[in-house]
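Chain by chain, the residues:
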Amino acid sequence: MQLDLLDKLRAQNPVIFNIANFVTVQDVANAVNAIGASPIMSNEVAEAEEIVRMAAAVAVNIGCLTKEQINHIKKVEDLARQYNKPIVFDPVAVGAVEYRYKIADKLLWDFHTSIIRGNIGEIAALGDFNWNSKGIDAGSGSGNIDDIAMKTAQKYHCTVIASGPTDTISDGKRLAHVHNGSPLFKTHVGSGDMLTSIVTAFTAVADDPFEAAQIGALVFSCAGQMVVQDHPGVGPGTFGMYLMDYLYKVTVADIKQIADFD
Ligand SMILES: Nc1ncnc2c1ncn2[C@@H]1O[C@H](COP(=O)(O)OP(=O)(O)OP(=O)(O)O)[C@@H](O)[C@H]1O
Ligand SMILES: Cc1ncsc1CCO
Ligand SMILES: [Mg+2]
(Lines give C-alpha, C1' and ligand atoms only; values in the text may rest on other atoms or scores of the structure.)
(Ligands and ions follow the chains in the order given, each with its own letter.)
Protein backbone atom coordinates (compact mmCIF):
# COMPACT_ATOMS: atom_id res chain seq x y z
CA MET A 1 0.00 0.00 0.00
CA GLN A 2 1.20 3.52 -0.80
CA LEU A 3 1.42 4.96 2.70
CA ASP A 4 3.00 8.18 1.45
CA LEU A 5 -0.43 9.14 0.11
CA LEU A 6 -0.97 10.56 3.60
CA ASP A 7 1.84 13.07 3.04
CA LYS A 8 0.51 13.81 -0.44
CA LEU A 9 -2.94 14.50 0.99
CA ARG A 10 -1.53 16.92 3.55
CA ALA A 11 0.56 18.68 0.91
CA GLN A 12 -2.38 19.11 -1.46
CA ASN A 13 -5.08 19.90 1.14
CA PRO A 14 -7.93 19.14 -1.30
CA VAL A 15 -11.41 20.59 -0.81
CA ILE A 16 -13.93 17.86 0.08
CA PHE A 17 -17.64 18.54 -0.46
CA ASN A 18 -19.80 16.75 2.14
CA ILE A 19 -23.52 16.24 2.16
CA ALA A 20 -23.56 15.32 5.84
CA ASN A 21 -26.14 14.43 8.46
CA PHE A 22 -26.99 16.77 11.34
CA VAL A 23 -25.95 14.22 13.98
CA THR A 24 -22.28 14.00 13.02
CA VAL A 25 -21.63 16.95 10.74
CA GLN A 26 -19.13 18.63 13.05
CA ASP A 27 -17.17 15.44 13.72
CA VAL A 28 -16.96 14.84 9.98
CA ALA A 29 -15.75 18.38 9.25
CA ASN A 30 -13.15 18.18 12.01
CA ALA A 31 -11.94 14.72 10.99
CA VAL A 32 -11.48 15.78 7.36
CA ASN A 33 -9.69 18.92 8.52
CA ALA A 34 -7.49 17.07 11.02
CA ILE A 35 -6.27 14.51 8.48
CA GLY A 36 -5.17 17.34 6.19
CA ALA A 37 -7.99 18.01 3.72
CA SER A 38 -10.37 20.99 3.58
CA PRO A 39 -14.04 20.18 4.29
CA ILE A 40 -17.03 22.13 3.03
CA MET A 41 -20.60 21.22 3.92
CA SER A 42 -23.59 22.39 1.90
CA ASN A 43 -27.35 21.76 1.68
CA GLU A 44 -28.25 24.32 -0.98
CA VAL A 45 -28.90 23.42 -4.61
CA ALA A 46 -28.20 26.98 -5.79
CA GLU A 47 -24.54 26.76 -4.78
CA ALA A 48 -24.03 23.13 -5.79
CA GLU A 49 -22.22 23.84 -9.07
CA GLU A 50 -19.72 26.25 -7.55
CA ILE A 51 -18.88 23.85 -4.76
CA VAL A 52 -18.60 20.74 -6.95
CA ARG A 53 -16.21 22.66 -9.23
CA MET A 54 -13.94 23.69 -6.36
CA ALA A 55 -14.01 20.27 -4.69
CA ALA A 56 -11.71 17.36 -5.47
CA ALA A 57 -14.37 14.81 -4.45
CA VAL A 58 -17.87 14.51 -2.97
CA ALA A 59 -19.07 12.52 0.07
CA VAL A 60 -22.80 11.78 0.20
CA ASN A 61 -24.20 10.66 3.56
CA ILE A 62 -27.91 9.82 3.79
CA GLY A 63 -28.07 9.72 7.61
CA CYS A 64 -30.86 12.28 8.00
CA LEU A 65 -32.58 12.08 4.64
CA THR A 66 -35.37 14.45 3.52
CA LYS A 67 -37.16 14.74 0.15
CA GLU A 68 -35.50 18.10 -0.36
CA GLN A 69 -32.12 16.53 0.31
CA ILE A 70 -32.75 13.76 -2.21
CA ASN A 71 -33.16 16.43 -4.91
CA HIS A 72 -29.99 18.09 -3.69
CA ILE A 73 -28.09 14.80 -3.85
CA LYS A 74 -29.31 14.16 -7.41
CA LYS A 75 -28.17 17.60 -8.51
CA VAL A 76 -24.77 17.25 -6.82
CA GLU A 77 -24.20 13.75 -8.18
CA ASP A 78 -25.13 14.90 -11.68
CA LEU A 79 -22.65 17.77 -11.38
CA ALA A 80 -19.99 15.41 -10.02
CA ARG A 81 -20.41 13.29 -13.16
CA GLN A 82 -20.21 16.40 -15.36
CA TYR A 83 -17.02 17.66 -13.68
CA ASN A 84 -15.49 14.21 -13.22
CA LYS A 85 -15.33 14.31 -9.41
CA PRO A 86 -15.46 10.99 -7.52
CA ILE A 87 -18.50 10.28 -5.34
CA VAL A 88 -18.22 8.31 -2.09
CA PHE A 89 -21.57 7.15 -0.69
CA ASP A 90 -22.48 6.33 2.93
CA PRO A 91 -25.74 4.30 2.96
CA VAL A 92 -26.64 4.97 6.60
CA ALA A 93 -29.25 2.47 7.88
CA VAL A 94 -30.27 1.04 4.49
CA GLY A 95 -30.30 -2.37 6.14
CA ALA A 96 -32.95 -1.26 8.63
CA VAL A 97 -35.09 1.28 6.76
CA GLU A 98 -36.66 0.09 3.51
CA TYR A 99 -37.31 3.67 2.34
CA ARG A 100 -33.60 4.44 2.54
CA TYR A 101 -32.70 1.22 0.74
CA LYS A 102 -34.93 2.20 -2.19
CA ILE A 103 -33.53 5.72 -2.41
CA ALA A 104 -29.92 4.55 -2.09
CA ASP A 105 -30.34 1.75 -4.64
CA LYS A 106 -31.82 4.17 -7.19
CA LEU A 107 -29.08 6.75 -6.64
CA LEU A 108 -26.43 4.05 -7.00
CA TRP A 109 -27.94 2.88 -10.31
CA ASP A 110 -28.48 6.39 -11.69
CA PHE A 111 -25.10 7.94 -10.85
CA HIS A 112 -21.69 6.34 -10.93
CA THR A 113 -20.34 6.06 -7.40
CA SER A 114 -16.64 5.37 -6.89
CA ILE A 115 -16.87 3.96 -3.36
CA ILE A 116 -19.67 2.78 -1.06
CA ARG A 117 -18.60 2.77 2.61
CA GLY A 118 -20.99 1.18 5.07
CA ASN A 119 -21.06 -1.27 7.94
CA ILE A 120 -21.64 -4.91 7.05
CA GLY A 121 -25.42 -4.67 7.66
CA GLU A 122 -25.66 -1.83 5.14
CA ILE A 123 -23.41 -3.46 2.56
CA ALA A 124 -25.27 -6.78 2.89
CA ALA A 125 -28.62 -5.01 2.32
CA LEU A 126 -27.35 -3.28 -0.82
CA GLY A 127 -25.98 -6.58 -2.11
CA ASP A 128 -29.34 -8.33 -1.44
CA PHE A 129 -27.91 -10.63 1.25
CA ASN A 130 -29.75 -11.68 4.40
CA TRP A 131 -28.53 -9.79 7.46
CA ASN A 132 -30.23 -8.45 10.60
CA SER A 133 -29.25 -4.78 10.65
CA LYS A 134 -30.19 -2.73 13.69
CA GLY A 135 -30.85 0.97 13.06
CA ILE A 136 -27.58 2.64 12.11
CA ASP A 137 -25.63 -0.34 13.48
CA ALA A 138 -24.37 -3.41 11.65
CA GLY A 139 -26.53 -5.84 13.68
CA SER A 140 -25.87 -9.53 13.22
CA GLY A 141 -25.61 -12.05 10.43
CA SER A 142 -23.75 -15.11 9.35
CA GLY A 143 -22.86 -14.44 5.72
CA ASN A 144 -19.33 -14.47 4.36
CA ILE A 145 -18.14 -10.85 4.50
CA ASP A 146 -15.64 -11.22 1.64
CA ASP A 147 -18.39 -12.59 -0.58
CA ILE A 148 -20.85 -9.86 0.45
CA ALA A 149 -18.34 -7.05 -0.19
CA MET A 150 -17.30 -8.50 -3.55
CA LYS A 151 -20.84 -9.15 -4.84
CA THR A 152 -22.06 -5.72 -3.73
CA ALA A 153 -19.11 -4.11 -5.53
CA GLN A 154 -19.99 -6.11 -8.66
CA LYS A 155 -23.65 -5.10 -8.44
CA TYR A 156 -22.89 -1.37 -8.44
CA HIS A 157 -19.59 -1.48 -10.42
CA CYS A 158 -17.67 0.30 -7.72
CA THR A 159 -15.39 -0.23 -4.73
CA VAL A 160 -17.03 -1.27 -1.46
CA ILE A 161 -15.78 -0.92 2.11
CA ALA A 162 -17.64 -3.09 4.61
CA SER A 163 -16.32 -1.65 7.87
CA GLY A 164 -16.23 -3.36 11.26
CA PRO A 165 -13.63 -5.08 13.44
CA THR A 166 -11.94 -5.86 10.11
CA ASP A 167 -12.56 -3.50 7.21
CA THR A 168 -13.18 -5.57 4.09
CA ILE A 169 -12.57 -3.80 0.79
CA SER A 170 -13.42 -5.05 -2.71
CA ASP A 171 -13.66 -3.61 -6.20
CA GLY A 172 -15.53 -6.67 -7.41
CA LYS A 173 -12.31 -8.51 -8.35
CA ARG A 174 -9.72 -7.75 -5.69
CA LEU A 175 -10.10 -8.06 -1.91
CA ALA A 176 -8.19 -6.28 0.86
CA HIS A 177 -8.55 -6.24 4.64
CA VAL A 178 -7.53 -3.75 7.32
CA HIS A 179 -7.33 -5.38 10.76
CA ASN A 180 -6.35 -2.33 12.82
CA GLY A 181 -8.79 -0.42 14.99
CA SER A 182 -10.39 -0.54 18.42
CA PRO A 183 -13.81 -1.58 19.77
CA LEU A 184 -14.07 2.00 21.08
CA PHE A 185 -14.90 3.15 17.55
CA LYS A 186 -18.33 1.62 18.10
CA THR A 187 -18.93 3.79 21.17
CA HIS A 188 -18.54 6.97 19.16
CA VAL A 189 -21.52 7.61 16.87
CA GLY A 190 -20.24 8.90 13.57
CA SER A 191 -17.02 6.88 13.39
CA GLY A 192 -18.31 5.45 10.13
CA ASP A 193 -19.29 8.88 8.80
CA MET A 194 -15.79 10.18 9.55
CA LEU A 195 -14.26 7.18 7.78
CA THR A 196 -16.42 7.80 4.70
CA SER A 197 -15.30 11.42 4.35
CA ILE A 198 -11.65 10.60 5.06
CA VAL A 199 -11.75 7.96 2.33
CA THR A 200 -13.31 10.64 0.08
CA ALA A 201 -10.31 12.87 0.81
CA PHE A 202 -7.94 10.09 -0.26
CA THR A 203 -9.69 9.74 -3.64
CA ALA A 204 -8.13 13.14 -4.41
CA VAL A 205 -4.59 11.74 -4.24
CA ALA A 206 -4.88 8.00 -4.96
CA ASP A 207 -4.61 6.46 -8.42
CA ASP A 208 -7.87 4.54 -8.08
CA PRO A 209 -10.80 4.13 -5.65
CA PHE A 210 -9.61 0.73 -4.40
CA GLU A 211 -6.33 2.30 -3.30
CA ALA A 212 -8.12 5.30 -1.72
CA ALA A 213 -10.38 2.93 0.21
CA GLN A 214 -7.45 0.94 1.58
CA ILE A 215 -5.29 3.86 2.66
CA GLY A 216 -8.29 5.74 4.12
CA ALA A 217 -9.38 2.74 6.16
CA LEU A 218 -5.82 2.04 7.32
CA VAL A 219 -5.02 5.59 8.41
CA PHE A 220 -8.33 5.99 10.26
CA SER A 221 -8.14 2.61 12.00
CA CYS A 222 -4.50 3.13 13.01
CA ALA A 223 -5.24 6.59 14.44
CA GLY A 224 -7.95 5.09 16.66
CA GLN A 225 -5.74 2.18 17.67
CA MET A 226 -2.95 4.59 18.66
CA VAL A 227 -5.38 6.56 20.85
CA VAL A 228 -6.07 3.44 22.88
CA GLN A 229 -2.43 2.29 22.97
CA ASP A 230 -1.25 5.67 24.29
CA HIS A 231 -4.23 6.24 26.67
CA PRO A 232 -5.31 2.89 28.14
CA GLY A 233 -8.02 4.52 30.32
CA VAL A 234 -9.79 6.21 27.43
CA GLY A 235 -13.61 5.95 27.25
CA PRO A 236 -16.27 6.92 24.71
CA GLY A 237 -16.07 10.67 25.40
CA THR A 238 -12.32 11.13 25.39
CA PHE A 239 -11.86 8.62 22.55
CA GLY A 240 -13.65 11.02 20.21
CA MET A 241 -11.50 13.95 21.34
CA TYR A 242 -8.21 12.08 21.12
CA LEU A 243 -9.17 10.67 17.73
CA MET A 244 -9.07 14.21 16.27
CA ASP A 245 -5.63 14.76 17.82
CA TYR A 246 -4.31 11.51 16.38
CA LEU A 247 -5.80 12.10 12.93
CA TYR A 248 -3.85 15.35 12.96
CA LYS A 249 -0.53 14.00 14.22
CA VAL A 250 -0.36 10.41 12.91
CA THR A 251 2.63 9.96 10.56
CA VAL A 252 3.53 7.44 7.88
CA ALA A 253 6.21 6.10 10.24
CA ASP A 254 3.61 5.57 13.02
CA ILE A 255 1.35 3.69 10.63
CA LYS A 256 4.21 1.50 9.35
CA GLN A 257 4.85 0.33 12.91
CA ILE A 258 1.34 -1.00 13.55
CA ALA A 259 -0.24 -1.53 10.11
CA ASP A 260 -1.98 -4.89 9.90
CA PHE A 261 -3.49 -5.44 6.46
CA ASP A 262 -3.60 -7.91 3.60
N1 LIG B 1 -14.75 -3.92 17.02
C2 LIG B 1 -13.99 -3.09 16.28
N3 LIG B 1 -12.65 -3.20 16.32
C4 LIG B 1 -11.88 -2.40 15.60
N5 LIG B 1 -12.34 -1.38 14.80
C6 LIG B 1 -13.66 -1.24 14.71
C7 LIG B 1 -14.56 -2.07 15.44
N8 LIG B 1 -15.82 -1.69 15.13
C9 LIG B 1 -15.71 -0.67 14.27
N10 LIG B 1 -14.42 -0.38 14.00
C11 LIG B 1 -13.92 0.70 13.15
O12 LIG B 1 -14.81 1.79 13.30
C13 LIG B 1 -14.91 2.55 12.10
C14 LIG B 1 -16.37 2.77 11.77
O15 LIG B 1 -16.92 1.55 11.32
P16 LIG B 1 -18.39 1.06 11.69
O17 LIG B 1 -18.57 -0.21 10.93
O18 LIG B 1 -18.58 1.07 13.14
O19 LIG B 1 -19.24 2.22 10.97
P20 LIG B 1 -20.76 2.62 11.15
O21 LIG B 1 -21.55 1.47 11.69
O22 LIG B 1 -21.22 3.20 9.87
O23 LIG B 1 -20.63 3.79 12.23
P24 LIG B 1 -21.58 5.06 12.48
O25 LIG B 1 -22.90 4.76 11.87
O26 LIG B 1 -21.63 5.24 13.96
O27 LIG B 1 -20.94 6.23 11.83
C28 LIG B 1 -14.11 1.78 11.07
O29 LIG B 1 -12.87 2.43 10.88
C30 LIG B 1 -13.92 0.39 11.67
O31 LIG B 1 -12.71 -0.17 11.27
C1 LIG C 1 -27.58 8.33 15.05
C2 LIG C 1 -27.81 8.72 13.65
N3 LIG C 1 -29.08 8.77 13.16
C4 LIG C 1 -29.12 9.13 11.88
S5 LIG C 1 -27.59 9.43 11.22
C6 LIG C 1 -26.85 9.07 12.71
C7 LIG C 1 -25.38 9.16 12.88
C8 LIG C 1 -24.63 8.02 12.30
O9 LIG C 1 -24.55 8.11 10.93
MG1 LIG D 1 -22.81 4.49 9.56
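Residues numbered from 1 in each chain as written. Chains lettered and ligands numbered in written order. Predicted model: local features only at pLDDT ≥ 70, side-chain atom pairs only at ≥ 80, totals over all residues.

## Describing the site of ligand 1
Just so we agree on the cut-off: In this entry, near means the residue's backbone-placed C-beta atom lies within 6 Å of the molecule or strand. Here a helix means four or more residues in a row that DSSP labels H or I, a strand means two or more in a row labelled E, and each is numbered from the N terminus. In this count, Pro and Cys sit with the nonpolar residues alongside Ala, Val, Leu, Ile, Met, Phe, Trp and Tyr, while Asp, Glu, Lys and Arg are called charged and the others, Gly among them, polar.
Taken together, the neighbourhood of ligand 1 is formed by 21 residues, with N119, S163, G181, F185 and G192 sitting nearest. Mapped onto the shell around ligand 1, the elements with two or more residues apiece are β7 (137–140), α8 (191–203) and α9 (209–230). It is α8 that provides the largest number of residues to the shell around ligand 1, a total of 4 residues. Class assignment of the residues belonging to the shell around ligand 1 gives a composition of 8 nonpolar, 9 polar and 4 charged.

## Description of the site of ligand 2
With respect to spatial proximity, the complete set of residues near ligand 2 consists of N21, V23, T24, G63, C64, V92, I136, V189, G190 and D193. Residue classes in the shell around ligand 2 are distributed as 5 nonpolar, 4 polar and 1 charged.

## Observations regarding the sheet that holds strand β8 (residues 159–163)
What counts is decided by this rule: A pair of strands is labelled paired if DSSP reports no fewer than 2 bridges between them. In this analysis, axes come from line fits to C-alpha atoms, helices being fitted only over the stretch in contact, and the angle between any two N-to-C directions falls in the range 0 to 180 degrees. We call two residues in contact when the distance between their C-beta atoms, placed using the backbone, is within 7 Å.
Here 8 strands make up an open sheet; going across it, the order is β2-β1-β3-β4-β5-β8-β9-β10 and the pairing mixed. Strands at the two margins of the open sheet, each flanked by one partner only, are β2 (38–41) and β10 (175–178). Strand-to-strand twist across the sheet, computed as the mean angle between neighbouring axes with direction ignored, equals 20°. Bridge analysis of β8 against strand β9 (residues 167–170) gives 3 bridges, and the strand direction is antiparallel. The residue of β9 that forms the bridge with I161 is I169. Where helix α2 (residues 25–35) meets the sheet, it contacts β1 (15–19) and β2, and its direction lies at approximately 155° from that of β2. Packing against the sheet, helix α4 (residues 67–82) makes contact with β1, β3 (57–61) and β4 (87–90), and its axis sits at approximately 155° to β3.

## Considering the nonpolar core
The condition is simple: Any nonpolar core is a set of buried residues, restricted to Ala, Val, Leu, Ile, Met, Phe, Trp, Tyr and Cys, that join up through C-beta atoms within 7 Å. With C-beta atoms placed from the backbone, a residue is buried if 20 or more other C-beta atoms are within 10 Å of its own, exposed if 12 or fewer are, and partly exposed between those counts.
Counting residues in hydrophobic clusters, the biggest one holds 82 residues, and the most contacted among them are I35, V58, I198, V199, F202, V219 and A223. The element that contributes the greatest number of residues to this core is α9, accounting for 12 residues. Once residues lying within four places of it in the same chain are set aside, the contact partners of V58 are F17, V52, V76, A80, K85 and I87.

## Quick look at α9
Short version of the rule: Here a helix's expected span is defined as the number of its residues, less one, multiplied by 1.5 Å.
The end-to-end C-alpha separation of α9 is 31 Å, in line with the 32 Å expected for 22 residues at 1.5 Å each. Most of α9 sits inside the fold, with 19 of its 22 residues counted as buried.

## Things to note about the UniProt feature "binding site: ATP" (unreviewed entry) in the protein chain
This is how it is decided: UniProt positions are given in the numbering used here, feature names are shortened, and annotations may be inferred rather than shown by experiment.
The positions UniProt marks with the feature "binding site: ATP" (unreviewed entry) are R117 and S163. Across 47 residues in sequence, these annotated residues keep their C-alpha atoms within 7.2 Å of one another, forming a single compact spot. With respect to the helices and strands, the residue R117 is situated in strand β5 (residues 115–119). The class of R117 is buried, set by 30 C-beta atoms lying within 10 Å. With residues up to four places along the chain from it excluded, the contact list for R117 reads V88, D90, I161, S163, L195, T196 and V199.

## Focus: helix α7 (residues 145–156)
It helps to recall that an α-helix has 3.6 residues per turn; residues three or four apart then point in one direction. End to end, α7 covers 17 Å across 12 residues, agreeing with the expected 16 Å (1.5 Å per residue, within 8%). Listing the buried residues of α7 in full gives I145, I148, A149, M150, K151, T152 and A153. In this structure, the buried side of α7 is in contact with α6 (120–126), β8, β9 and β10. Positive backbone phi, approximately 50°, marks H157, located one or two places after α7.

## Remarks on unusual backbone geometry
For N13, which is not glycine, the phi torsion reads 45° and is therefore positive. One non-glycine residue, A93, lies in the positive phi region at around 65°.

## Some remarks on the packing of α2 against α8
For the record, the criterion: Each angle receives one of four descriptions, namely roughly parallel if under 35 degrees, roughly antiparallel if over 145, roughly perpendicular if within 65 to 115, and oblique otherwise. By convention, the crossing between two helices is left-handed when the near helix turns anticlockwise from the far helix through less than a right angle, and right-handed when the turn is clockwise.
Axis separation between α2 and α8 bottoms out at 9 Å; the angle between their running directions is 40°. By the angle between their axes, α2 is oblique relative to α8. Read as a crossing pair, α2 and α8 show a hand that is right-handed. On α8, the residues that touch D27, V28, A31, V32 and I35 of α2 are D193, M194, S197, I198 and A201. Across the contact of α2 with α8, the residue classes break down as 7 nonpolar, 1 polar and 2 charged.

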